[in-house]
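# Results of the structural survey
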Amino acid sequence: LVLEDMLTEVVFVCLLQMCSLEEELRLLLAALPQTGFDPCVQYFTSLALRENSQTIAAQKGGLWCFGGNGLPYCESLSAVPADTVELFCLQALVQHSKIPTHCDKIESHGGLQLLQKLYQLRKDSAKIQRSIIHIIGNMALDERLHSSICHAGWVSVLAEVMKSQRIMDSSHAARALANLDRETVHEKYPDGVYLLHPQCRSSQPIKADVLFVHGLLGAAFKTWRQQDIEQSADEKELDVEDEYSECWPKTWLASDFPMLRIISVEYDTHLSDWKAKCPVESYRESIAYRSSELLRKLRAAGIGDRPLIWMSHSMGGLLVKKMLLDASKDPEMDSIVNNTQGIVFYSVPHHGSRLAEYSVNVRFLLFPSVEVKELSKDSPALKALNDDFLSFAKDKKFPVLSFAETLPTRVGRMLSLHVVPMESAGLISLAIFKKELV
(Lines give C-alpha, C1' and ligand atoms only; values in the text may rest on other atoms or scores of the structure.)
Protein backbone atom coordinates (compact mmCIF):
# COMPACT_ATOMS: atom_id res chain seq x y z
CA LEU A 1 0.00 0.00 0.00
CA VAL A 2 2.86 2.38 0.86
CA LEU A 3 4.58 1.53 -2.43
CA GLU A 4 1.33 2.12 -4.31
CA ASP A 5 0.97 5.56 -2.68
CA MET A 6 4.57 6.42 -3.59
CA LEU A 7 4.03 5.40 -7.22
CA THR A 8 0.84 7.44 -7.36
CA GLU A 9 2.65 10.54 -6.16
CA VAL A 10 5.51 9.99 -8.63
CA VAL A 11 3.05 9.70 -11.50
CA PHE A 12 1.23 12.79 -10.23
CA VAL A 13 4.47 14.84 -10.16
CA CYS A 14 5.39 13.69 -13.66
CA LEU A 15 1.99 14.73 -14.99
CA LEU A 16 2.30 18.15 -13.37
CA GLN A 17 5.52 18.85 -15.24
CA MET A 18 3.63 18.64 -18.54
CA CYS A 19 0.52 20.62 -17.54
CA SER A 20 -0.83 24.14 -17.74
CA LEU A 21 -1.94 25.81 -14.52
CA GLU A 22 -5.53 24.96 -15.30
CA GLU A 23 -4.66 21.31 -15.81
CA GLU A 24 -2.52 21.28 -12.66
CA LEU A 25 -5.46 22.52 -10.64
CA ARG A 26 -7.74 19.92 -12.15
CA LEU A 27 -5.18 17.17 -11.46
CA LEU A 28 -4.95 18.32 -7.85
CA LEU A 29 -8.73 18.24 -7.52
CA ALA A 30 -8.92 14.81 -9.13
CA ALA A 31 -6.36 13.53 -6.61
CA LEU A 32 -8.57 14.49 -3.67
CA PRO A 33 -11.29 12.17 -2.28
CA GLN A 34 -14.39 12.30 -4.47
CA THR A 35 -17.00 10.50 -2.39
CA GLY A 36 -18.14 9.95 1.19
CA PHE A 37 -18.21 13.56 2.36
CA ASP A 38 -20.17 16.80 2.21
CA PRO A 39 -22.47 16.95 -0.87
CA CYS A 40 -21.55 20.60 -1.43
CA VAL A 41 -17.88 19.66 -1.77
CA GLN A 42 -18.84 16.99 -4.29
CA TYR A 43 -20.98 19.51 -6.17
CA PHE A 44 -18.20 22.10 -6.53
CA THR A 45 -15.62 19.45 -7.40
CA SER A 46 -17.74 17.90 -10.14
CA LEU A 47 -18.49 21.38 -11.48
CA ALA A 48 -14.81 22.29 -11.66
CA LEU A 49 -13.74 18.99 -13.21
CA ARG A 50 -16.53 19.14 -15.77
CA GLU A 51 -16.10 22.74 -16.92
CA ASN A 52 -12.75 23.49 -18.50
CA SER A 53 -11.96 26.12 -21.08
CA GLN A 54 -11.50 23.61 -23.90
CA THR A 55 -14.87 21.88 -23.49
CA ILE A 56 -16.69 25.16 -22.98
CA ALA A 57 -15.05 26.92 -25.92
CA ALA A 58 -15.78 23.90 -28.10
CA GLN A 59 -19.49 24.54 -27.71
CA LYS A 60 -19.14 27.74 -29.79
CA GLY A 61 -22.34 29.58 -29.26
CA GLY A 62 -23.85 26.88 -27.11
CA LEU A 63 -24.81 27.22 -23.51
CA TRP A 64 -22.36 27.25 -20.62
CA CYS A 65 -24.46 26.26 -17.61
CA PHE A 66 -23.88 26.19 -13.91
CA GLY A 67 -26.13 26.18 -10.91
CA GLY A 68 -28.60 23.56 -9.81
CA ASN A 69 -32.08 22.59 -8.72
CA GLY A 70 -32.91 21.74 -12.32
CA LEU A 71 -32.71 25.35 -13.44
CA PRO A 72 -29.05 26.12 -14.16
CA TYR A 73 -28.01 29.64 -14.99
CA CYS A 74 -26.76 29.67 -18.57
CA GLU A 75 -24.73 32.05 -20.65
CA SER A 76 -23.93 31.93 -24.32
CA LEU A 77 -20.16 31.83 -24.68
CA SER A 78 -17.73 31.09 -27.42
CA ALA A 79 -14.68 31.21 -25.16
CA VAL A 80 -14.00 31.34 -21.45
CA PRO A 81 -10.98 33.12 -19.93
CA ALA A 82 -8.49 30.91 -18.13
CA ASP A 83 -8.98 32.78 -14.86
CA THR A 84 -12.70 31.90 -14.93
CA VAL A 85 -11.88 28.21 -15.04
CA GLU A 86 -9.24 28.67 -12.35
CA LEU A 87 -11.88 30.29 -10.12
CA PHE A 88 -14.10 27.22 -10.61
CA CYS A 89 -11.23 25.02 -9.41
CA LEU A 90 -10.31 27.33 -6.53
CA GLN A 91 -13.93 27.45 -5.40
CA ALA A 92 -13.85 23.67 -5.17
CA LEU A 93 -10.50 23.73 -3.35
CA VAL A 94 -11.94 26.19 -0.80
CA GLN A 95 -14.63 23.62 -0.03
CA HIS A 96 -12.08 20.78 0.23
CA SER A 97 -9.87 22.89 2.52
CA LYS A 98 -12.68 22.91 5.09
CA ILE A 99 -12.07 19.16 5.61
CA PRO A 100 -8.87 18.46 7.64
CA THR A 101 -8.06 15.15 5.93
CA HIS A 102 -8.36 16.81 2.53
CA CYS A 103 -5.90 19.51 3.63
CA ASP A 104 -3.37 16.72 4.17
CA LYS A 105 -3.94 15.56 0.60
CA ILE A 106 -3.62 19.08 -0.80
CA GLU A 107 -0.28 19.44 0.97
CA SER A 108 1.07 16.00 0.01
CA HIS A 109 0.25 16.59 -3.67
CA GLY A 110 2.17 19.86 -3.83
CA GLY A 111 -0.88 22.07 -3.52
CA LEU A 112 0.87 24.74 -1.44
CA GLN A 113 3.52 25.23 -4.11
CA LEU A 114 0.96 25.18 -6.93
CA LEU A 115 -1.16 27.80 -5.19
CA GLN A 116 1.93 29.93 -4.62
CA LYS A 117 2.75 29.78 -8.33
CA LEU A 118 -0.81 30.67 -9.30
CA TYR A 119 -0.90 33.51 -6.75
CA GLN A 120 2.23 35.09 -8.23
CA LEU A 121 0.98 34.74 -11.81
CA ARG A 122 -2.51 36.15 -11.13
CA LYS A 123 -1.67 39.44 -9.46
CA ASP A 124 -4.22 41.04 -11.78
CA SER A 125 -7.09 39.10 -10.19
CA ALA A 126 -8.09 40.01 -6.64
CA LYS A 127 -10.69 37.24 -6.57
CA ILE A 128 -8.17 34.53 -7.46
CA GLN A 129 -5.63 35.77 -4.93
CA ARG A 130 -8.28 36.07 -2.23
CA SER A 131 -9.55 32.55 -2.90
CA ILE A 132 -6.02 31.23 -2.57
CA ILE A 133 -5.45 32.99 0.76
CA HIS A 134 -8.84 31.66 1.88
CA ILE A 135 -7.55 28.13 1.27
CA ILE A 136 -4.28 28.83 3.12
CA GLY A 137 -6.27 30.21 6.07
CA ASN A 138 -8.29 27.02 6.25
CA MET A 139 -5.23 24.80 6.00
CA ALA A 140 -3.52 26.83 8.75
CA LEU A 141 -6.14 25.54 11.22
CA ASP A 142 -4.11 22.30 11.26
CA GLU A 143 -0.89 22.86 13.21
CA ARG A 144 0.70 19.83 11.53
CA LEU A 145 0.74 21.78 8.26
CA HIS A 146 2.33 24.94 9.65
CA SER A 147 5.86 23.92 8.74
CA SER A 148 4.86 23.12 5.14
CA ILE A 149 2.98 26.41 4.81
CA CYS A 150 6.02 28.33 6.05
CA HIS A 151 8.44 26.46 3.80
CA ALA A 152 6.22 27.20 0.79
CA GLY A 153 6.80 30.92 1.39
CA TRP A 154 3.32 31.87 2.53
CA VAL A 155 4.20 33.85 5.68
CA SER A 156 5.92 36.67 3.80
CA VAL A 157 3.08 36.77 1.26
CA LEU A 158 0.45 36.98 4.00
CA ALA A 159 2.42 39.68 5.85
CA GLU A 160 2.48 41.77 2.68
CA VAL A 161 -1.24 41.31 2.01
CA MET A 162 -1.94 42.40 5.60
CA LYS A 163 -0.86 45.91 4.52
CA SER A 164 -3.49 46.06 1.77
CA GLN A 165 -6.10 48.82 1.85
CA ARG A 166 -8.66 46.29 0.62
CA ILE A 167 -10.26 45.04 3.81
CA MET A 168 -11.31 41.68 2.36
CA ASP A 169 -7.74 40.93 1.32
CA SER A 170 -6.13 42.11 4.55
CA SER A 171 -8.69 40.29 6.72
CA HIS A 172 -8.25 36.97 4.90
CA ALA A 173 -4.48 37.34 5.42
CA ALA A 174 -4.94 38.32 9.08
CA ARG A 175 -7.07 35.23 9.68
CA ALA A 176 -4.43 32.96 8.09
CA LEU A 177 -1.60 34.52 10.11
CA ALA A 178 -3.59 34.29 13.35
CA ASN A 179 -4.15 30.58 12.69
CA LEU A 180 -0.41 30.16 12.06
CA ASP A 181 0.56 32.06 15.24
CA ARG A 182 0.49 29.61 18.13
CA GLU A 183 2.87 31.65 20.32
CA THR A 184 0.60 34.60 21.13
CA VAL A 185 -2.78 33.55 19.71
CA HIS A 186 -4.62 30.73 21.46
CA GLU A 187 -7.88 30.91 19.53
CA LYS A 188 -8.45 29.50 16.07
CA TYR A 189 -10.48 31.25 13.40
CA PRO A 190 -12.50 28.73 11.36
CA ASP A 191 -13.84 29.37 7.87
CA GLY A 192 -16.12 32.42 7.87
CA VAL A 193 -14.82 33.93 11.14
CA TYR A 194 -12.69 37.04 10.55
CA LEU A 195 -10.56 38.96 13.02
CA LEU A 196 -10.90 42.69 12.32
CA HIS A 197 -8.94 43.83 15.39
CA PRO A 198 -6.27 43.35 16.60
CA GLN A 199 -4.68 42.05 13.42
CA CYS A 200 -1.12 42.38 14.71
CA ARG A 201 0.59 41.14 17.85
CA SER A 202 -0.01 43.44 20.81
CA SER A 203 0.94 43.48 24.47
CA GLN A 204 -2.36 45.16 25.36
CA PRO A 205 -4.74 42.67 26.98
CA ILE A 206 -8.14 42.13 25.37
CA LYS A 207 -10.96 43.16 27.75
CA ALA A 208 -14.04 42.24 25.69
CA ASP A 209 -15.23 40.85 22.36
CA VAL A 210 -17.58 42.56 19.92
CA LEU A 211 -19.14 40.21 17.38
CA PHE A 212 -20.76 41.40 14.13
CA VAL A 213 -23.37 39.17 12.45
CA HIS A 214 -24.70 40.28 9.05
CA GLY A 215 -28.09 39.52 7.55
CA LEU A 216 -29.75 38.55 4.28
CA LEU A 217 -27.52 39.33 1.27
CA GLY A 218 -24.92 40.73 3.67
CA ALA A 219 -21.28 39.87 4.23
CA ALA A 220 -18.62 40.12 6.91
CA PHE A 221 -17.25 43.37 5.49
CA LYS A 222 -19.65 45.11 3.12
CA THR A 223 -22.59 45.10 5.57
CA TRP A 224 -20.70 47.40 7.91
CA ARG A 225 -19.82 50.00 5.31
CA GLN A 226 -21.74 52.68 3.45
CA GLN A 227 -21.76 52.42 -0.32
CA ASP A 228 -20.69 55.82 -1.57
CA ILE A 229 -21.77 55.66 -5.20
CA GLU A 230 -23.98 53.47 -7.33
CA GLN A 231 -22.23 50.55 -8.98
CA SER A 232 -23.05 49.14 -12.36
CA ALA A 233 -23.68 45.40 -12.73
CA ASP A 234 -20.26 45.04 -14.39
CA GLU A 235 -18.52 46.74 -11.46
CA LYS A 236 -20.25 44.45 -9.00
CA GLU A 237 -19.11 41.43 -11.00
CA LEU A 238 -15.56 42.81 -10.97
CA ASP A 239 -15.74 43.06 -7.17
CA VAL A 240 -14.90 46.77 -7.12
CA GLU A 241 -14.20 47.45 -3.45
CA ASP A 242 -12.93 51.01 -3.76
CA GLU A 243 -16.47 52.31 -4.17
CA TYR A 244 -17.18 51.80 -0.49
CA SER A 245 -16.37 53.81 2.61
CA GLU A 246 -14.32 52.40 5.47
CA CYS A 247 -15.52 49.37 7.39
CA TRP A 248 -16.34 51.17 10.63
CA PRO A 249 -15.86 48.23 13.05
CA LYS A 250 -12.25 47.93 11.87
CA THR A 251 -11.48 51.66 11.71
CA TRP A 252 -13.66 53.75 14.03
CA LEU A 253 -14.48 51.17 16.70
CA ALA A 254 -10.97 49.76 16.90
CA SER A 255 -9.54 53.28 17.11
CA ASP A 256 -11.90 54.33 19.91
CA PHE A 257 -11.61 51.06 21.86
CA PRO A 258 -8.26 49.38 21.08
CA MET A 259 -8.71 46.98 24.00
CA LEU A 260 -11.53 45.16 22.17
CA ARG A 261 -11.28 42.08 20.00
CA ILE A 262 -13.55 42.71 17.00
CA ILE A 263 -14.81 39.75 14.97
CA SER A 264 -17.10 39.62 11.96
CA VAL A 265 -18.66 36.41 10.68
CA GLU A 266 -19.77 35.46 7.18
CA TYR A 267 -22.21 32.93 5.77
CA ASP A 268 -23.91 32.64 2.38
CA THR A 269 -27.44 33.97 1.99
CA HIS A 270 -29.68 34.21 -1.07
CA LEU A 271 -33.02 35.67 -2.03
CA SER A 272 -33.68 32.76 -4.36
CA ASP A 273 -32.58 29.13 -4.49
CA TRP A 274 -31.90 29.77 -8.17
CA LYS A 275 -28.91 31.87 -7.18
CA ALA A 276 -27.59 29.57 -4.44
CA LYS A 277 -23.89 28.79 -4.60
CA CYS A 278 -24.52 25.25 -3.46
CA PRO A 279 -28.01 24.19 -4.55
CA VAL A 280 -27.79 20.57 -3.44
CA GLU A 281 -28.67 21.10 0.24
CA SER A 282 -31.12 23.88 1.02
CA TYR A 283 -31.33 22.87 4.71
CA ARG A 284 -28.03 24.68 5.20
CA GLU A 285 -29.91 27.94 4.76
CA SER A 286 -32.14 27.44 7.82
CA ILE A 287 -31.55 29.49 10.96
CA ALA A 288 -31.42 26.29 13.04
CA TYR A 289 -28.61 24.76 10.97
CA ARG A 290 -26.63 28.00 10.83
CA SER A 291 -26.94 28.47 14.58
CA SER A 292 -25.42 25.07 15.30
CA GLU A 293 -22.62 25.53 12.76
CA LEU A 294 -21.74 29.07 13.79
CA LEU A 295 -21.80 28.35 17.52
CA ARG A 296 -19.19 25.65 17.03
CA LYS A 297 -16.97 28.01 15.05
CA LEU A 298 -17.35 30.87 17.51
CA ARG A 299 -16.46 28.69 20.48
CA ALA A 300 -13.27 27.60 18.66
CA ALA A 301 -12.48 31.31 18.23
CA GLY A 302 -12.75 31.83 21.98
CA ILE A 303 -16.14 33.54 22.01
CA GLY A 304 -17.47 33.15 25.54
CA ASP A 305 -14.08 33.46 27.24
CA ARG A 306 -14.54 37.17 27.97
CA PRO A 307 -17.38 39.76 28.07
CA LEU A 308 -19.27 39.79 24.76
CA ILE A 309 -21.43 42.29 22.86
CA TRP A 310 -23.46 41.16 19.83
CA MET A 311 -23.99 43.50 16.85
CA SER A 312 -26.53 42.14 14.37
CA HIS A 313 -28.27 43.30 11.22
CA SER A 314 -31.48 42.04 9.62
CA MET A 315 -31.68 38.22 9.58
CA GLY A 316 -28.43 38.16 11.57
CA GLY A 317 -30.41 39.26 14.62
CA LEU A 318 -32.67 36.22 14.32
CA LEU A 319 -29.54 34.08 14.14
CA VAL A 320 -28.14 35.74 17.27
CA LYS A 321 -31.37 35.00 19.17
CA LYS A 322 -31.29 31.37 18.04
CA MET A 323 -27.61 30.97 18.95
CA LEU A 324 -28.12 32.32 22.46
CA LEU A 325 -31.12 30.05 23.04
CA ASP A 326 -29.19 27.04 21.70
CA ALA A 327 -26.10 27.91 23.75
CA SER A 328 -28.19 28.05 26.94
CA LYS A 329 -29.08 24.37 26.43
CA ASP A 330 -25.50 23.19 25.87
CA PRO A 331 -23.11 23.04 28.88
CA GLU A 332 -20.14 23.48 26.53
CA MET A 333 -21.62 26.71 25.16
CA ASP A 334 -23.21 28.31 28.22
CA SER A 335 -20.18 30.55 28.76
CA ILE A 336 -21.33 32.44 25.65
CA VAL A 337 -24.63 33.19 27.39
CA ASN A 338 -23.05 33.99 30.75
CA ASN A 339 -20.59 36.46 29.22
CA THR A 340 -23.12 38.25 26.99
CA GLN A 341 -23.21 41.87 28.16
CA GLY A 342 -25.46 43.38 25.50
CA ILE A 343 -27.16 42.91 22.13
CA VAL A 344 -27.70 45.45 19.37
CA PHE A 345 -30.36 44.76 16.73
CA TYR A 346 -30.13 46.80 13.52
CA SER A 347 -33.40 46.52 11.60
CA VAL A 348 -34.08 42.92 12.65
CA PRO A 349 -37.40 41.41 11.44
CA HIS A 350 -38.49 39.98 14.80
CA HIS A 351 -42.06 39.71 13.50
CA GLY A 352 -41.36 39.05 9.81
CA SER A 353 -40.38 41.01 6.72
CA ARG A 354 -42.28 42.48 3.80
CA LEU A 355 -39.72 40.86 1.54
CA ALA A 356 -41.30 37.50 2.30
CA GLU A 357 -44.75 38.95 1.50
CA TYR A 358 -43.56 40.22 -1.86
CA SER A 359 -42.00 36.85 -2.64
CA VAL A 360 -45.27 34.99 -2.03
CA ASN A 361 -47.94 37.45 -3.12
CA VAL A 362 -46.26 39.39 -5.93
CA ARG A 363 -44.05 36.56 -7.18
CA PHE A 364 -41.14 38.99 -6.99
CA LEU A 365 -38.74 36.09 -6.51
CA LEU A 366 -38.55 32.87 -8.48
CA PHE A 367 -38.08 29.98 -6.04
CA PRO A 368 -37.57 32.08 -2.87
CA SER A 369 -34.84 30.72 -0.62
CA VAL A 370 -35.29 29.10 2.78
CA GLU A 371 -34.09 32.35 4.39
CA VAL A 372 -36.83 34.39 2.73
CA LYS A 373 -39.51 31.83 3.59
CA GLU A 374 -38.46 31.88 7.25
CA LEU A 375 -39.10 35.64 7.34
CA SER A 376 -42.83 35.27 6.62
CA LYS A 377 -44.95 37.49 8.83
CA ASP A 378 -47.15 34.66 10.08
CA SER A 379 -44.36 32.11 10.44
CA PRO A 380 -44.99 29.98 13.57
CA ALA A 381 -41.26 29.31 13.87
CA LEU A 382 -40.48 33.05 13.84
CA LYS A 383 -43.11 33.75 16.52
CA ALA A 384 -41.87 30.87 18.68
CA LEU A 385 -38.27 32.10 18.35
CA ASN A 386 -39.21 35.62 19.40
CA ASP A 387 -41.43 34.50 22.30
CA ASP A 388 -38.74 32.15 23.63
CA PHE A 389 -36.02 34.76 23.32
CA LEU A 390 -38.10 37.52 24.89
CA SER A 391 -38.68 35.40 27.99
CA PHE A 392 -35.04 34.27 28.01
CA ALA A 393 -33.65 37.83 27.61
CA LYS A 394 -35.84 39.15 30.44
CA ASP A 395 -34.69 36.34 32.70
CA LYS A 396 -31.03 37.02 31.90
CA LYS A 397 -31.56 40.80 32.05
CA PHE A 398 -29.72 41.33 28.76
CA PRO A 399 -29.38 45.01 27.80
CA VAL A 400 -30.92 45.26 24.31
CA LEU A 401 -30.80 48.20 21.87
CA SER A 402 -32.94 48.08 18.71
CA PHE A 403 -32.82 50.30 15.61
CA ALA A 404 -35.50 50.54 12.91
CA GLU A 405 -35.14 51.65 9.29
CA THR A 406 -37.01 54.77 8.18
CA LEU A 407 -36.00 54.85 4.51
CA PRO A 408 -36.78 52.23 1.85
CA THR A 409 -34.11 49.89 0.54
CA ARG A 410 -33.70 49.07 -3.12
CA VAL A 411 -33.96 45.33 -3.72
CA GLY A 412 -32.95 44.51 -7.28
CA ARG A 413 -33.74 46.95 -10.06
CA MET A 414 -37.52 47.03 -9.79
CA LEU A 415 -38.37 47.09 -6.10
CA SER A 416 -37.88 49.61 -3.31
CA LEU A 417 -39.41 48.90 0.10
CA HIS A 418 -38.96 48.92 3.86
CA VAL A 419 -37.51 45.42 4.21
CA VAL A 420 -38.20 45.51 7.95
CA PRO A 421 -41.16 47.77 8.79
CA MET A 422 -41.05 49.79 12.00
CA GLU A 423 -43.55 47.53 13.77
CA SER A 424 -41.36 44.47 13.15
CA ALA A 425 -38.05 45.93 14.35
CA GLY A 426 -38.84 45.73 18.09
CA LEU A 427 -38.77 42.57 20.19
CA ILE A 428 -42.26 43.51 21.40
CA SER A 429 -44.60 44.28 18.51
CA LEU A 430 -46.32 47.67 18.47
CA ALA A 431 -49.74 46.03 18.81
CA ILE A 432 -48.73 44.22 22.00
CA PHE A 433 -46.93 47.30 23.29
CA LYS A 434 -50.05 49.49 22.85
CA LYS A 435 -52.17 46.83 24.56
CA GLU A 436 -49.81 46.75 27.54
CA LEU A 437 -49.97 50.55 27.79
CA VAL A 438 -53.75 50.42 27.96
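Residues numbered from 1 in each chain as written. Predicted model: local features only at pLDDT ≥ 70, side-chain atom pairs only at ≥ 80, totals over all residues. Heavy atoms only, no water.

Right, let's talk about the pattern of salt bridges for a bit. For the structure on display, the rule yields 17 salt bridges. Between arginine 144 and aspartate 142 there is a salt bridge; the shortest N-O distance is 2.7 Å. In this structure arginine 144 comes out as exposed when scored by relative accessible area, which is 59%. Close ionic contact of aspartate 387 with lysine 383 constitutes a salt bridge, the shortest N to O distance being 2.8 Å. In this pair, aspartate 387 and lysine 383 are both assigned in helix H19 (residues 380-396), 4 residues apart and thus about one turn of the helix distant. Take aspartate 387: its relative accessible area is 37%, and that puts it in the partly exposed class. Three or more residues are tied together by salt bridges with common partners; here these are Glu187, Asp209, Arg261 and Arg306. (Salt bridge = Lys/Arg side-chain N within 4 Å of Asp/Glu carboxyl O. Buried < 20%, exposed > 50% of the residue type's maximum accessible area, 1.4 Å probe, protein only. Helix = DSSP H or I, 4+ residues; strand = E, 2+ residues; numbered from the N terminus.)

So, about the packing of aromatic side chains. One pass over the full model with this rule turns up 10 aromatic pairs. Taking the centre distance of 6.2 Å and the plane angle of 80° together, the rings of phenylalanine 345 and phenylalanine 389 count as edge-to-face. One end of the pair, phenylalanine 345, is in strand S7 (residues 340-346); the other, phenylalanine 389, is in helix H19, with 44 residues separating them in the sequence. Of the two residues, phenylalanine 345 and phenylalanine 389, both sit in the buried class. Ring plane angle 10° and centroid distance 4.9 Å describe the contact between tyrosine 346 and phenylalanine 403, whose orientation is recorded as stacked. Taken as a pair, tyrosine 346 in strand S7 and phenylalanine 403 in strand S8 (residues 400-403) lie far apart in primary sequence, 57 residues in all. Through a chain of ring-to-ring contacts, three or more aromatic side chains come together here, namely Phe212, Trp224, Trp248, Tyr346 and Phe403. (Phe/Tyr/Trp six-rings, centres within 6.5 Å; stacked < 30°, edge-to-face > 60°.)

Right, let's get into the side chain of arginine 261. With respect to the element layout, arginine 261 can be found in strand S5 (residues 260-265). Residue classification places arginine 261 among the buried positions, given a relative accessible area of 3%. Separated by 2.9 Å, the side chains of arginine 261 and tyrosine 189 make a polar contact. At a separation of 2.9 Å, a polar atom in the side chain of arginine 261 contacts the side chain of aspartate 209. (Polar contact = N/O pair within 3.5 Å; in protein donor to acceptor, adjacent residues only side chain to side chain.)

We now examine helix H11 (residues 167-180). The end-to-end C-alpha separation of H11 is 20 Å, in line with the 20 Å expected for 14 residues at 1.5 Å each. The buried count for H11 comes to 13 of 14 residues, which makes it a mostly enclosed element. (Expected span 1.5 Å × (residues − 1).)

Across the interface, helix H14 (residues 287-300) lies against helix H15 (residues 315-328) with an axial gap of 9 Å and an inter-helix angle of 70°. By the criterion of interaxial angle, the relationship of H14 to H15 is roughly perpendicular. Where H14 crosses over H15, the two elements pack in a sense that is right-handed. In this structure, H14 uses Ile287, Ala288, Arg290, Ser291, Leu294, Leu295 and Leu298 to contact H15, whose residues at the interface are Met315, Leu318, Leu319, Lys322, Met323, Asp326 and Ala327. Among the residues making up the contact of H14 with H15, the classes are represented as 10 nonpolar, 1 polar and 3 charged. (Axes fitted to C-alpha atoms, helices over the stretch in contact; angles between N-to-C directions. Parallel < 35°, antiparallel > 145°, perpendicular 65-115°, else oblique. Left-handed = near helix turned anticlockwise from the far one by under 90°. Contact = heavy atoms within 4.5 Å. Nonpolar A, V, L, I, M, F, W, Y, C, P; charged D, E, K, R; others polar.)

Overall, mixed pairing links the 6 strands, which are arranged S3-S5-S4-S6-S7-S8 in an open sheet. Two strands lie at the open edges of the sheet, namely strand S3 (193-197) and S8, each paired on one side alone. Taken pair by pair, the neighbouring strands of this sheet meet at an average axis angle of 20°, ignoring direction. Sheet analysis places S3 next to S5, joined by 4 bridges and oriented antiparallel. Counted as the bridge partner of tyrosine 194 is serine 264 from S5. (Pairing = 2+ DSSP bridges.)

To continue, consider the pairing of strand S4 (residues 208-213). Of all 6 residues making up S4, 6 are buried, and the element is well covered by its neighbours. Residues Ala208, Val210 and Phe212 point to one face of S4 and Asp209, Leu211 and Val213 to the other, with burial holding for every one of them.

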